[in-house]
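Close look at the chain arrangement
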Amino acid sequence: ISQQLYKYEKFPKPTAYEKMVGNSMIYLTQFNLDGLSAAIPYRFVKDDASFINIIFNLMKSPLFRLSTSEAMNWLKKCFCQEHQGFHVALKNHQRLLLNLKKSFENVDYLWSINRKMQIADSVNINQSVISSKRAFNQFAELVKNID
């Protein structure tokens, strides 16, 4: 409906300001879709830094009862190497982008970079593993300093 509403003759055309705000919002939103999570297949951020501590605490909880070193070894396996989870996340990301591109293809006032979702479309597994390793290494330094 929102894509067709502005084309309706009795509905005013978007102003230059409205076009700029709409384009800016989509442009900035692409930066929230610019990576793959090692842990959550529908989360598309550069790294999982905000979740590593939660997963670490879960592994050390009575549910799993892992020692610090065991938990860190599992975290390293999850965050520092390519695994099937990254491939699942990439497929989910590609599906999302395809749907967004289809939604945006007929919106004539969108900038090309938004219509093609070019920023978010540059995601790859290799870069995601590198970002994930970086987040893990930062977390590992914190744990080392606490223990």
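Quick look at the structure, then. (Residues numbered from 1 in each chain as written. Predicted model: local features only at pLDDT ≥ 70, side-chain atom pairs only at ≥ 80, totals over all residues. Heavy atoms only, no water.)

On to the overall build of the chain, then. Helix and strand counts for the chain come out as 7 helices and 0 strands. The linear arrangement of helices and strands in the chain, starting from the amino end, is α-α-α-α-α-α-α. Relative to the globule expectation of 15 Å for 147 residues, the C-alpha radius of gyration of the chain, 20 Å, shows a markedly less compact shape. Taking the principal axes of its C-alpha atoms as reference, the chain extends roughly 65 × 25 × 25 Å. Within the span of the chain, comprising 147 residues, buried residues form 31% of the whole. The long-range share in the chain, meaning contacts at least 24 apart out of those at least 6 apart in sequence, stands at 63%. Carbon and sulfur atoms make up 58% of the accessible area of the chain, which totals about 9,600 Å². Each charge sign in the chain was given a centre, from 19 positive and 12 negative side chains, and these centres are 3 Å apart. (Helix = DSSP H or I, 4+ residues; strand = E, 2+ residues; numbered from the N terminus. Rg over C-alpha atoms; globule rule 2.2 N^0.38 Å. Buried < 20%, exposed > 50% of the residue type's maximum accessible area, 1.4 Å probe, protein only. Contact = heavy atoms within 4.5 Å. Areas by Shrake-Rupley, 256 points an atom, 1.4 Å probe, with all protein chains shown as cover. Lys, Arg positive; Asp, Glu negative; His and termini not counted. Charge placed at Lys NZ, Arg CZ, Asp CG, Glu CD.)

Note on placement: His 87 falls in helix α5 (residues 84-104). Here His 87 falls in the partly exposed class, since its relative accessible area comes to 30%. It is 9.1 Å that separates the C-alpha atoms of His 87 and Leu 36, two residues lying 51 residues apart in sequence. Once residues lying within four places of it in the same chain are set aside, the contact partners of His 87 are Glu 82 and Ile 125.

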